[in-house]
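Take a look at the letters that make up each chain.
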Amino acid sequence: MEGEGASMLSRAPELAIGEMESVDEEPELPPAVQDLIRRLGGKAMHVSLPPILSCPELEDFFPERAPLSTNTGWRSQVRLRVLEAIGSCRSFETLIVEGICGRHISRLTASEWEVVLRGFNSSSVLREMEIGQLTWSSEAEVESLGLQLGVILNSSSVAHLTIEDCRLTPRFFLNLASGLRENYQSKLKSLQLRQAWENASAVKYVVEMLNGDSRLETLSLGKHSREGYRPYMLEYHILYKRDEAAVRLLSQALKQNSSLTKLVLTEVEGGSAALLLNALAGDDGNRSIERLELIEISGLGKFLREIFISNRSLRAVMLNNMAMPLEEWRLLGEAIRDNATVTNVSISTLLESGLLLEELEELACAASSDGKEPVLHLENLPQDYDEVVSAFNLLGRVLRGEIKSIQSFCLYQLFSSISGGFRTGNQKSMESILPMYGKTGETSVLSRLKLKLYNEDIFKGVWKQLLWCLRGNTRVTSLTLSIPLGLGSIPWLSRYEGFKEEFRDLMRLLQVNLTLREIDVSETPWQADGKAARIEAALKQNQQRAVYMTAFREAQLQFGEAKAGRLFLCGSPRAGKTQLRQTLMTIIQGKSWIGNKWDELRRTKGIEVEFLQNNDKMQISVWDLAGHWIFRTLQTVLFPQTSDFCVFLFVYSPYREETSSRKLDSCFRNELEGWLTFIASSMKVTGHNLPQVLVVISHKDKMSSNSLTWAHSIVEELRKIFANYVDLRPIQDFLYVDSRKKKQVIPLKNHIFEIFENLFSEKSPLVPQLCIQLSALLLSNIKANRTCPLWPLKKFHDFCDPSLKQLIPSSSANSVDHSRILTSLVSYLNDVGSIIYIPNLDHIVVDPNWLTNSFLGELIAVGQLFQAQESKAYGRTISRDSTESKDGFVNESVFDQLMETFLGKQPRLQNVDREILEKILFNLDLGFKLEDTSQYFIPSFIREHASMEEQKHQKGAHAKSMAWDSKVATSQFVGIRIQCEDLKTMSLTAAFFPRFQVFMRRKLISEMHVSKETVTFSRHYLRLYLDGHQIFVEHVQSENSHNYVDVLMLCSEHKSKEAAIKYVLENIVHELISFCASPNGCPGVALVLGVIQTICVEMLIPSHLRGAILIKELKSEFFDDINKKLRGIALDRSQLVKEEELLHYEYTWPPIPALHLNATFEKATNLLWKSDVEAVVNEIRQKRNQQLESLQQSLIRLNNDLAQSHPESENRVTNSSLPHIKDCNLALATCSRQASTSVDTQLVLSEIHQLGEKVHSVHETVRSVKSIVQGLDVKMEQIISLQQQLQSTLGAYMSKVDRVIEYSESHQQSRTPKRPYVTDDVGIFYRISASLHLGTTVRLRLMCEAVTGFHPVKDQEGLRLRLDRENSGWIPRVIEISYKVMYYAAKAGLDGTLGLGEAIPQWDDLKTDIVKLDNISDIDRWAIRNGGHSVQLNEAWLRIQQILAPQLRDSIPRIFKLCQVKYVRQQNGGHAWVCAECMCKGSLSGSLTC
Ligand SMILES: Nc1nc2c(ncn2[C@@H]2O[C@H](COP(=O)(O)OP(=O)(O)OP(=O)(O)O)[C@@H](O)[C@H]2O)c(=O)[nH]1
Ligand SMILES: [Mg+2]
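Each residue is numbered by its place in its chain's sequence as written, counting from 1. The order in which chains are written sets their letters, starting at A; the order in which ligands are written sets their numbers, starting at 1. For a predicted model such as this one, the threshold for reporting local features is a pLDDT of at least 70, and the threshold for listing and counting side-chain atom pairs is 80 or more; totals across whole chains, interfaces and linings nevertheless cover every residue. To obtain the side-chain values, all non-hydrogen atoms of the structure were used and water was disregarded.

S.K.: I'd like a description of the overall build of the protein chain, backed by residues and values.
M.R.: Scanning the protein chain from terminus to terminus reveals 55 helices and 46 strands. When each of the 1490 residues of the protein chain is scored for burial, the buried share is 57%. Only heavy atoms enter the contact rule, under which two residues are in contact if any of them lie within 4.5 Å. Long-range contacts, defined as pairs at least 24 residues apart, comprise 77% of the intrachain contacts of the protein chain with a sequence gap of at least 6. Note on areas: Shrake-Rupley, 1.4 Å probe, and residue coverage restricted to the protein chains presented here. Accessible area for the protein chain stands at about 62,200 Å²; split by element, carbon and sulfur atoms hold 50% of it. Secondary structure elements are defined from DSSP: runs of H or I of at least 4 residues count as helices, runs of E of at least 2 residues count as strands, and each element is numbered from the N terminus. To sort residues, take the accessible area from a 1.4 Å probe on protein chains only and compare it with the maximum for the residue type: under 20% means buried, over 50% means exposed, and anything in between is partly exposed.

This is the structure in structure tokens:
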């Protein structure tokens, strides 16, 4: 609101005040004023007043310098109208005094102040008052203001008063406090005084405020907390310059006060702080303060100890960046240990000057005690690698249970000493960073762990060990992980790997650790790539598991290896699944199959469930899935959620019956891929236990060849693709069978049983004997009793009872909660498929086949007119017309007909009536009945189109039924695509969308209280009217689009687009993502977000034709575009680059030929959400910062190297006759000076750090006033200045490198190209270690020397040379030169800056080669030390000079595609050889001449 207002004001046309004054008739108020008055007069609540005086148009009426007496006539009228408008608005929650007067009190007269403040008197909405950074012309003004503010304080509901950064007079305080003394009605609760007064006399009035008011709860004294990075403004603060008398007065008041509950002291001088704290110690100390916060105060050890010893009211103490000697920390630890009342001591060291880890450890050890609950909350910020190691050592001690005082531990590792892709080589030592020494961690007391690891290597180094430590840990309940999205881990950049391995590690941990309750990964790439939702879902399931595992453990049941499992048969129709099942049955039962001897097998409906084996060793059921796609929804609903206890057989028939020939190989690939996707998507990742999949090929008898070569390669290829999701076994000969032949199937049967045995003993979790016994009993029971598939809960309990009595040990029999055990049993038996449990149903399905085949399979078959036997026509009772429904709804009569047809076919069933059947359908989310109508939504049971032809004809027809209700002139359309993260291995299963529709509808109506009428359904979409927006959630199950759901929105006119997006993300998109991760969704699928081409949303173009791009991809393209533009900025002309130009990136949507739509363009800033645009800009800024930091460090090192070897080298550098560094820029000069000591080095770095911080704080201020885009401008400005600094430092750095490679002044003068390198004849970069033989042909090449960064030139021919005796001396030196250049470039992290990675062939190989040459710098140093010259290198340069000049000079443009140019500014290096592109850019920007 505020931002909008401010920008509206500034858009108004300027007003000529002079002219207005001369007009008789009262002129119209300036539009900005009118607008302000209109808005303030409205009904809306205003949090705070917009800073009106910073608006240029209004400034004319409130001039800062002009005397108040000049405010006459029109000007004074306008002023009055503005002030009155503010004064009569009574809905402000915050009063920021400096906002009214633009920080200068004298800008308003006393009477004007009265007008403007009028509305705040007696206000009942005002909550906060801020007085800060004020200046004034006379004391009278400030004192009068004090009086007026005092009235507000007394009469209004203001609860928080902050006064900071002012030199307010004692009389101001006297006036402010005057009413408070006697006013017991005052609502003031918190008082913050930071550098608030001019002299100590003011304290006595503050004391009066403390004494007088009984409601003040919080007192905060000291420096401004945000002052840390700013230079101190005025050091007059009483608590800063100690005034003992005043402090004593304050201390005494604190002692006597009984209303305060919280005291905060920030950067208060040590002696004063001690005096104040004295008020809390001893028998006569304060007894009301419960919370004490001390920030950056030194030397308080003794006093703090005293407080822990004698104070009994404190509950929480926070110590932030406190400094004291080690011994004091130990003593403080002991005092904490002995204190019985404080329950929370948080200690953080978030500044470089903060306490050392050693001190933290000393404190924690001393505070540790067996009998006491842990109270310490530690936060630390290690400054370098060694400190990280120490911090983890401390964590190790805590996790092993050696230190028992720490309740939460936070480690923020923020330094980035590793850059440019270099490894520190320290990884090895990370391997043993968290040893457990055989302990499980059961005695550990830590409950919260927070890790912010900036460095990817450190994260990877410690992650596995940390998770290993947590396996046996039963105390840590909360883990917060933050891997800042910097360096190589930017989730939306294509090279990002997503920490997939680390994710699996975590899921593996969650299989065994049931203690962890919350894992916050919101600051990791997992948040954006959909994995966070899966972690969430796993935690939720763990909580349920924890409940039943605890029930089993508490009942002291015996555990053993699992014996019950399920075999799933999947594949296309007529693949031979049922045939194979029957052959397996006959083998096991030892008899021949009679059932279908002379009849063709019936096609399977739904899932046929049968019991294959039920003996002492194992209880296996076969789940034979119908191949026909109409049953897929039902199969998904009843599919297992974890792969524990399951084996999958994919059956494939290569035989094409119609033509009696072999099917194409692609059929096999597509079918197998489809089923693997289905399996991977339907099950949650369970760490090690990937679903076991076997491929069986049938119809061997029909095939002419026994060879399976065609299948091997496809299986192998898919095995690799799906390696992370399923365990696809290679094909073996016995897997190729005639499914009708027992003999051929026996080896397969044996193999399956082996897999199960192996699974039970190694991979499945242990289960109680009770479960095993009951699943065996259930199997035998079902065989005996087929007419009673549904049991009431009571009957089921009775059935379980004897086993419970038998297996629960008598010792725990009395204490066992039977109902808990029974619930747990139901969960287990449902997991292994012995029963099917349907939530909210009072019955248990004890015959799974009845539900999956006889009931649901049959019902679908009836509804979809499925013919189980090709020859017979089905559905005499159901008419063809009634079984079609485009939108998925049917009338009650059709539904009745369906049900009756079904019930009529099963007359002997007991316990099953129509009502229960309906309940089952609805509880499985397979449909619902529309309230108040007779419509049933049962999309899976009813056909969409009459025939396949019609379906083709009507493709996209559903889209026609979607339409936007109204389109206003300012229509704002938004389209969000929610898509599977990996399209190769994941897809949304058939049941996903129908179930989501039902779930979302229920949630909207019952939890969000949305009226039923506003939620409309159809087969492929859900339409909503929410919060004023029209929303379609659409999903089409078709070949093209089963991987995504689209959310299309027409935003409300009354809301901003940003607010609308936020709303829909929270209420629809995130709901959908968590539903997908839940057991009812597709737990194996991770979802990511994309944006849809706006015109496609507006025109409701069919989903498969819509343009869409993943957000991470769009961000990445946007990021690259900005970087490209930045790289092109010439150093001296960069002022011409406008910030918005950098942000102006248009994404090109491809044309849609089917709809005759041409390619369109959309601005990335419009397509992306603000937070994403900000993320891109932040990332760029952060990267530039890092690069600059790393370059500066390298420059310092290089300078040091050179300075050490040549004491006079600084002279030589600055007074050097080398023309290109004569004009040595400021940055270099500063760095050279600062490089002299390591302390200075730190200074440079901290300056850089501060630069980043300042940008941040500038941004925060700007954000409150201007719109975000304007805030971005500030950041972009910063980026440009960073880029400039980066380039000038780069220039300086490279000129130093030129010294190292002996490229001297004379070479520069003779304009010798300076970036040579050597490749072999086909263009492969020569390695430094490669041996060169006489007679070999090599090519001498030259890089472009552009000031924005050197790089190889595309399609450069190079100079062909044959290695002979003469040149074999200098060519290796040229290779050395090129390596040195790259070595230093990479060392300084320039590969990223310059984009070298893309340019140089085999850059990754080179990098490793360079790393091996880590001692090059030593060699250089040695060379320089020994005379300053490497004769050989110099020789190489001379030869290059000779060879390229003079006769070849004219050919350089042709052979090397380089032209000679001159940079306008000397500091850019004078002459250079650059490629055509860089020349063009440079001359356009005017930075070079040809
Ligand atoms: N010659 C021969 N016929 C087979 C073989 N396997 C299956 N059949 C026959 O192929 C037909 C279809 O087999 P089913 O087992 O019903 O196929 P299905 O995979 O269960 O098919 P749906 O239930 O529709 O998914 C039956 O007539 C089988 O007898 C085989 O290996 N050789
Ligand atoms: Mg079948």
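From this point, things continue past the structure.
S.K.: Describe the packing of helix α14 (residues 326–338) against helix α15 (residues 357–367), with residues and values.
M.R.: Comment: axis = line fitted to C-alpha atoms, over the contacting stretch for helices; angle = value between 0 and 180 degrees taken between N-to-C directions. Between α14 and α15, the shortest axis-to-axis distance is 7 Å and the interhelical angle comes to 30 degrees. Here α14 lies roughly parallel to α15, going by the angle between them. For the pair α14 and α15, the sense of crossing is right-handed. Facing Leu326, Trp329, Arg330, Leu332, Gly333, Glu334, Ile336 and Arg337 of α14, the residues of α15 in contact are Glu358, Glu359, Glu362, Leu363, Ala366 and Ala367. Working definition: roughly parallel below 35 degrees, roughly antiparallel above 145 degrees, roughly perpendicular at 65 to 115 degrees, and oblique for all remaining angles. Each crossing is labelled by how the near helix is turned from the far one, with a counterclockwise turn of less than a right angle marking it left-handed and a clockwise turn marking it right-handed.

S.K.: Describe helix α25 (residues 709–721), and please don't skip the residues or the numbers.
M.R.: To estimate the expected span of a helix, count its residues, drop one, and scale the result by 1.5 Å. With 13 residues, α25 ought to run about 18 Å at 1.5 Å a step, and its terminal C-alpha atoms sit 19 Å apart, in line with that. All of the buried residues in α25 are Trp710, Ala711, Ile714, Val715 and Leu718. With its buried residues spanning 110 degrees around the axis, α25 presents them on a single face. Looking at α25, the residues exposed on the side facing more than 90 degrees away from the buried face are Thr709 and Lys720. The inward-facing, buried residues of α25 contact β20 (646–652), β22 (661–662), α24 (665–682), β23 (692–697) and β24 (727–728). Our arc is simply the arc of the directions from the helix axis toward the C-beta atoms.

S.K.: Break down the pairing of strand β10 (residues 344–349) for me, citing the residues and quoting the values.
M.R.: For a regular strand, the rule is simple: side chains alternate between the two faces of the sheet. Burial analysis of β10 places five of its six residues in the buried class, the great majority of the element. In this sheet, β10 lies alongside strand β9 (residues 316–320) in parallel orientation, the contact comprising five bridges. Following the sheet pairing, Val317 is matched in β10 by Val345. Each parallel crossover has a hand, and the one from β9 via α14 to β10 is right-handed. Only strands that DSSP links by at least two bridges are regarded as paired with each other. In this sheet, strand β11 (residues 376–380) lies alongside β10 in parallel orientation, the contact comprising five bridges. Bridge pairing in β11 links Ser348 to Glu379. When the strands point away from the viewer, a crossover counts as right-handed if the route from the first strand across the helix to the second turns clockwise.

S.K.: Describe in detail the sheet that holds strand β29 (residues 889–891), supporting the description with residues and values.
M.R.: Ordered in space as β29-β31-β30, the three strands form an open sheet in which the pairing is antiparallel. For this open sheet the edge positions go to β29 and β30 (928–929), each flanked by a neighbour on one side alone. The sheet contact formed by β30 and strand β31 (residues 935–937) spans two bridges and is antiparallel. Bridge assignment links Lys929 to a residue of β31, and that residue is Tyr936.

S.K.: How would you explain the coordination of the magnesium ion (ligand 2) if you had to name every residue and give the values?
M.R.: Metal sites are built from N, O and S donor atoms within 2.8 Å, or 3.2 Å for Na, K and Ca, and they leave out water, so they may look incomplete. Within the first shell, the magnesium ion (ligand 2) binds the protein through Thr578 (OG1) and Thr604 (OG1), at distances of 1.9 Å. Of this pair, Thr578 sits in helix α22 (residues 577–589) while Thr604 is found in the loop between α22 and β18 (607–614), placing the two residues 26 residues apart along the sequence. The class for Thr604 is buried, based on a relative accessible area of 9%.

S.K.: An account of the packing of aromatic side chains is needed here, citing residue identities and associated values.
M.R.: Only Phe, Tyr and Trp rings are paired, with Trp represented by its six-membered ring, and only when their centres lie within 6.5 Å; those with planes under 30 degrees apart are stacked, over 60 edge-to-face, the remainder tilted. Counted by the stated rule, this structure contains 42 aromatic pairs. Ring plane angle 45 degrees and centroid distance 5.0 Å describe the contact between Phe855 and Phe902, whose orientation is recorded as tilted. Pair noted here: Phe855 is in helix α31 (residues 848–863) and Phe902 is in helix α32 (residues 892–905), with a separation of 47 residues, a long-range link. Overall, Phe902 belongs to the buried group, its relative accessible area being 0%. Taken together, a centroid distance of 5.5 Å and an interplanar angle of 80 degrees make the contact between Tyr1021 and Phe1032 edge-to-face. With Tyr1021 in strand β34 (residues 1021–1026) and Phe1032 in strand β35 (residues 1029–1034), this pair connects stretches of sequence that are 11 residues apart. An identical accessibility class is assigned to Tyr1021 and Phe1032; each is buried.

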